[in-house]
Amino acid sequence: MGDLGWIAYPKNGWEEIGEVDENYAPIHTYQVCKVMEQNQNNWLLTSWISNEGASRIFIELKFTLRDCNSLPGGLGTCKETFNMYYFESDDEDGRNIRENQYIKIDTIAADESFTELDLGDRVMKLNTEVRDVGPLTKKGFYLAFQDVGACIALVSVRVYYKKCPSVIRNLARFPDTITGADSSQLLEVSGVCVNHSVTDEAPKMHCSAEGEWLVPIGKCLCKAGYEEKNNTCQVCRPGFFKASPHSPSCSKCPPHSYTLDEASTSCLCEEHYFRRESDPPTMACTTPSPVSSVKKGKITKNSISLSWQEPDRPNGIILEYEIKYFEKDQETSYTIIKSKETTITADGLKPGSAYVFQIRARTAAGYGGFSRRFEFETSPVLAASSDQSQIPIIVVSVTVGVILLAVVIGFLLSGSCCDHGCGWASSLRAVAYPSLIWRCGYSKAKQDPEEEKMHFHNGHIKLPGVRTYIDPHTYEDPNQAVHEFAKEIEASCITIERVIGAGEFGEVCSGRLKLQGKREFPVAIKTLKVGYTEKQRRDFLGEASIMGQFDHPNIIHLEGVVTKSKPVMIVTEYMENGSLDTFLKKNDGQFTVIQLVGMLRGIASGMKYLSDMGYVHRDLAARNILINSNLVCKVSDFGLSRVLEDDPEAAYTTRGGKIPIRWTAPEAIAFRKFTSASDVWSYGIVMWEVMSYGERPYWEMTNQDVIKAVEEGYRLPSPMDCPAALYQLMLDCWQKDRNSRPKFDEIVSMLDKLIRNPSSLKTLVNASSRVSNLLVEHSPVGSGAYRSVGEWLEAIKMGRYTEIFMENGYSSMDSVAQVTLEDLRRLGVTLVGHQKKIMNSLQEMKVQLVNGMVPL
Ligand code: ACK
């Protein structure tokens, strides 16, 4: 409302004028209307506008423009356009710019111009035009509007740039990022791990020219002692712990352990409970098992020999035993002996006395409990002692000697034994590997058990269960991607039975796969024809690298690949009923609505999974859905650039890309904006295909006509006998604004609701609304079969209204097309029967017109 400081010259050109908008709110406008005068050149310069660091800026103009035809005699000099320019400058004193220094942005024309009648009605036909300028190299710029003799009111000029707003993704914070200068440029932005998180793989995302974040790469993980909640890392509460960043969440302390602290990375063992150093922190704390069976050995008058057995569950290697003994009833005075063996001799005892023994074991975790008490008595002193006891001593000495000898020999041999040992180990391995190769089953390049557990991605550890799709293109060596995501199958495990179709790269066959330890089962086998180029091989296997990353009941399951022998093959689960479009065509009208919705639900669920993984399919269509004998639908046909190359439906667009036009969202056709939202559009088309049993979307219309019709707001009509709720869902998927389309998870829940409540599917789209749905937004009625309004009204026996129509400005079929029921009432067509007749006829005419494009 204030003084904008804009400059108009010449002074009698553009004028600043107070106006009111359609709601009678005051607005300022700049107006010029020198339509009657020759040689107009009126300039309006804005003040300096800072570009705030953006290198591409957008200018949205709102203006009205007077229709030259509506000006009496003004046609000679009247113009219906004006020009917009800009001039870059680092500061505000670039005002004295010569006209020829300005750079032209565009000539601006109106989509809608207004006539006198509109003015009388105070209806402003506001035009909105957006232009963009870039790359900008200075700090700011001026805009200029040049009028050359039009009647314009400039109502608003909005100057803005686009940015990808600050966001947290995969626990990394990405800053506000101004989009690049080029309209197709993606800016790679590095993320910073949120508090208490650490880098797993350097997090990156791409800021598109549209201000959208695309293609997240890498991620952060909450560090040990913290877990992920709502995009933040929250501390583990006392009693909980998280040992490593790779553990998904805080876990309760294992049995017999505790922690009183927050952010614990492990729990302490309760008193008398232990954990070995090598035990993982997830393991419960335990006590070593007590020694139970103690037997007496030789007893003399001064000594007692004992032996016992190692406990059944020692909870680790027993390092030594502790033997406590004392004379019965003299517990306060006891002796402790430590022994690594399971035998001891307690000597120096009193003859004929009872002794109590208790034994406990020690492991790395500490001592276990003492055994129960064992009581033994020494021999009494005999009057005449014999020296028989010497004999056992000699026997024992000989035995010990033999054992010692054995130990020494063993020790001497042990140096070379190690070599033997390693030799044996490696030769054992050498034996094991060939046997692995020859056995039918999966062989992996890496057999290291660590690597079985850990998943390596580009040198970074990736835990199983991380659910982000990795583009095989990110691998320098595509073969690495295949072997990372697909298992290698021995060709000898596959029996090919029949050719069932032709793929782009070679035949598709059915057959059987027999893996070791598994029953033979049917599979589909895609083959790569001989004489392929390296690129074809890469593209062919690219599909396996993608498919191998998915694990979902509604995504076709990859069994593995054959790459070590020829032909190169991709082996997937077998889907008895083949592709969905063919199957539905073959079984036209054979299924209940619930069965069809069940199929749609499956597809939506598979797509939800893919979109959660960050995978955009780009070629979702019934022909790319496979269906098995249980009518379970699975999304298939994954590829890279290839996706659109091998689809016979894909056509070249003016920009050179190949796109399956009928299934593709307008923004993807127009500027290759493929997102999960464009997949949702395609999903809507698949819904339509399913509900019409494999009918071809838009029938025989040409691709060009489809693009045009969709752009003009036309949408496919409801399939016959289609539940209204499903058709509404299709229309939602076909919203022009991709952000207004439902997300796949919403589609799944919506279909689930319908399945749970089948009566909601009873309301069908009736025939008349089916037809009217062909017409959305600006339907171009007017060039129909009737040459005049009179002829039309006569034909439907409503000729009596001709005069009223003409008097009220409905003189052409074009204007008649806009007539509403309200208008009819206003015109005095009050009989309901007549209103119906006129409205129905109008509708029929529109349908006939549209029929040219979209036959019913
Ligand atoms: O309609 P269809 O019988 O189903 O013909 C095509 C053909 O191969 C070429 O793609 C069929 N097909 C592809 N993958 C599979 C599969 N996993 N199970 C069964 N048939 C398949 C598809």
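Residues numbered from 1 in each chain as written. Predicted model: local features only at pLDDT ≥ 70, side-chain atom pairs only at ≥ 80, totals over all residues. Heavy atoms only, no water.

This part is about the state of the cysteines. Evaluation of the coordinates by the stated rule reveals eight disulfides. The partner cysteine of Cys 193 in its disulfide is Cys 220, sulfur to sulfur 2.1 Å. Looking down the S-S bond of the Cys 193 and Cys 220 bridge, the torsion is -80 degrees, so its handedness is left-handed. On the criterion of sequence distance, the pair formed by Cys 193 in strand β17 (residues 192-193) and Cys 220 in strand β19 (residues 213-222) is long-range, its members being 27 residues apart. The class of Cys 220 is buried, set by a relative accessible area of 3%. Here Cys 236 connects covalently by a disulfide to Cys 250, the sulfurs 2.1 Å from one another. Its torsion about the S-S bond being -85 degrees, the disulfide of Cys 236 and Cys 250 is classed as left-handed. With Cys 236 in the loop between β21 (232-235) and β22 (240-241) and Cys 250 in the loop between β22 and β23 (251-252), this pair connects stretches of sequence that are 14 residues apart. (Disulfide = S-S within 2.5 Å. Helix = DSSP H or I, 4+ residues; strand = E, 2+ residues; numbered from the N terminus. Buried < 20%, exposed > 50% of the residue type's maximum accessible area, 1.4 Å probe, protein only.)

Cis geometry is adopted by the peptide bond preceding Pro 10, which originates at Tyr 9 and carries an omega value of -5 degrees. By the secondary structure assignment, Pro 10 is in the loop between β1 (7-9) and β2 (15-20). Cis peptide bonds are those with omega within 30 degrees of zero, and the linkage from Gly 134 to Pro 135 qualifies with 0 degrees. Along the chain, Pro 135 turns up in the loop between β9 (127-133) and β10 (140-147). One non-glycine residue, Tyr 693, lies in the positive phi region at around 55 degrees. Along the chain, Tyr 693 turns up in the loop between α10 (676-691) and α11 (703-711). Given a relative accessible area of 11%, Tyr 693 falls into the buried group. Positive phi, normally seen in glycine, also occurs at Trp 699, with a value near 45 degrees. Assignment of secondary structure puts Trp 699 in the loop between α10 and α11.

Glancing now at the UniProt feature "binding site: ATP" (unreviewed entry) in the protein. The feature "binding site: ATP" (unreviewed entry), as annotated in UniProt, sits at Lys 526 in this numbering. With respect to the helices, strands and loops of the structure, Lys 526 is situated in strand β40 (residues 521-527). A polar atom in the side chain of Lys 526 sits 3.1 Å from the side chain of Glu 543. (UniProt positions renumbered as here; feature names shortened; annotations may be inferred. Polar contact = N/O pair within 3.5 Å; in protein donor to acceptor, adjacent residues only side chain to side chain.)

Under the criterion given, the structure shown has 28 salt bridges. Between Lys 526 and Glu 543 there is a salt bridge, with the nearest N and O atoms lying 3.1 Å from each other. One end of the pair, Lys 526, is in strand β40; the other, Glu 543, is in helix α5 (residues 534-547), with 17 residues separating them in the sequence. Residue classification places Lys 526 among the partly exposed residues on the basis of a relative accessible area of 26%. Notably, a salt bridge pairs Arg 826 with Asp 823, separated by 3.1 Å at the nearest N-O pair. Here Arg 826 and its partner Asp 823 are both found in helix α18 (residues 821-827), three residues apart, which amounts to about one turn of the helix. The class for Arg 826 is exposed, based on a relative accessible area of 58%. When its relative accessible area of 13% is taken as the criterion, Asp 823 is described as buried. One network of salt bridges, with partners in common, ties together Asp 106, Glu 129 and Arg 131. (Salt bridge = Lys/Arg side-chain N within 4 Å of Asp/Glu carboxyl O.)

Moving on, we get to the packing of aromatic side chains. According to the stated counting rule, one finds 27 aromatic pairs in the structure shown. Ring centres 6.2 Å apart and planes at 85 degrees place the aromatic pair Phe 550 and Tyr 609 in the edge-to-face group. Within this pair, whereas Phe 550 is found in the loop between α5 and β41 (558-562), its partner Tyr 609 is found in helix α7 (residues 593-612), the two being separated by 59 residues in sequence. By relative accessible area, which is 4% here, Phe 550 ends up buried. Look at Tyr 615 and Phe 638: their rings are 5.7 Å apart centre to centre, the planes differ by 65 degrees, and that puts the pair in the edge-to-face class. Of this pair, Tyr 615 sits in the loop between α7 and β43 (625-627) while Phe 638 sits in the loop between β44 (633-635) and α8 (642-645), and the two are 23 residues apart along the sequence. When its relative accessible area of 0% is taken as the criterion, Phe 638 is described as buried. These aromatic residues form a ring-pair network of at least three members: Tyr 469, Phe 550, Tyr 609, Tyr 615 and Phe 638. Just above the ring of Phe 370 sits the side chain of Lys 324; from NZ or CZ to the centre is 5.7 Å. The aromatic ring of Trp 663 is capped on one face by Arg 623, whose charged end is 4.1 Å from the ring centroid. (Phe/Tyr/Trp six-rings, centres within 6.5 Å; stacked < 30°, edge-to-face > 60°. Lys NZ or Arg CZ within 6 Å of the ring centre and 35° of its normal.)

This brings us to helix α4 (residues 478-485). Along α4, the residues that are buried comprise Ala 481, Val 482, Glu 484 and Phe 485. Down the axis of α4, the buried set is contained in an arc of 165 degrees. They therefore lie on one face. Sitting at the head of α4, Asp 477 places a side-chain oxygen 2.9 Å from the backbone nitrogen of Asn 479. (Arc of directions from axis to C-beta.)

Our next topic: a negative patch on the surface. Residues Asp 90, Asp 91, Glu 92 and Asp 93 make up a contiguous surface patch of negative charge. Inspection of the secondary structure puts Asp 93 in the loop between β7 (81-89) and β8 (103-109). (Patch = residues over 30% accessible without salt bridge, like charges linked within 9 Å, V, L, I, M, F, W, Y side chains within 5 Å. Areas by Shrake-Rupley, 256 points an atom, 1.4 Å probe, with all protein chains shown as cover. Lys, Arg positive; Asp, Glu negative; His and termini not counted. Charge placed at Lys NZ, Arg CZ, Asp CG, Glu CD.)

Lining the immediate surroundings of the ligand are 13 residues, of which Ala 524, Thr 572, Glu 573, Met 575 and Ser 579 lie closest. One of the side-chain N or O atoms of Thr 572 is found 3.3 Å from a nitrogen atom in the ligand. Ser 579 is positioned with one of its side-chain polar atoms (N or O) 2.4 Å from an oxygen atom of the ligand. The fraction of the free accessible surface of the ligand (460 Å²) that becomes covered by protein chains is 76%. Along the lines of polarity and charge, the residues of the shell around the ligand split into seven nonpolar, five polar and one charged. (Near = heavy atom within 4 Å. Nonpolar A, V, L, I, M, F, W, Y, C, P; charged D, E, K, R; others polar.)

The strand order across the open sheet formed by five strands is β2-β3-β11-β6-β9, and the pairing between neighbours is antiparallel. Each having just a single partner strand, β2 and β9 make up the two edges of the open sheet. Neighbouring strand axes in the sheet, compared pairwise and without regard to direction, differ in orientation by 40 degrees on average. (Pairing = 2+ DSSP bridges. Axes fitted to C-alpha atoms, helices over the stretch in contact; angles between N-to-C directions.)

Take the packing of α4 against α5 next. Following both chains from N to C, one finds α4 and α5 inclined at 30 degrees, their axes separated by 9 Å at the closest point. Here α5 runs roughly parallel to α4, going by the angle between their axes. In this structure, α4 crosses over α5, and the sense of that crossing is left-handed. Note on element contacts: α5 touches α4 through Arg 537, Arg 538, Leu 541 and Ser 545, opposite Pro 478, Asn 479, Ala 481, Val 482 and Phe 485. When its residues are assigned to classes, the contact of α4 with α5 shows five nonpolar, two polar and two charged. (Parallel < 35°, antiparallel > 145°, perpendicular 65-115°, else oblique. Left-handed = near helix turned anticlockwise from the far one by under 90°. Contact = heavy atoms within 4.5 Å.)

Right, let's get into the sheet that holds strand β14 (residues 172-174). The three strands are arranged β13-β14-β17 in an open sheet whose pairing can be described as antiparallel. The outermost strands of the open sheet, each flanked by one partner alone, are β13 (167-169) and β17. Pairing geometry for β13 and β14, over three bridges, is antiparallel. Paired with Ile 168 across the bridge in β14 is Arg 173.

Pairing geometry for β2 and strand β3 (residues 26-33), over six bridges, is antiparallel. Bridge pairing in β3 places Glu 15 opposite Gln 31. The hairpin turn running from β2 into β3, its antiparallel successor, is five residues long, and Tyr 24 in that turn takes a positive phi close to 65 degrees. Here four bridges tie β3 to strand β11 (residues 151-160), and the two strands are oriented antiparallel to one another. Residue pairing across strands places Cys 33 opposite Cys 151, the latter belonging to β11.

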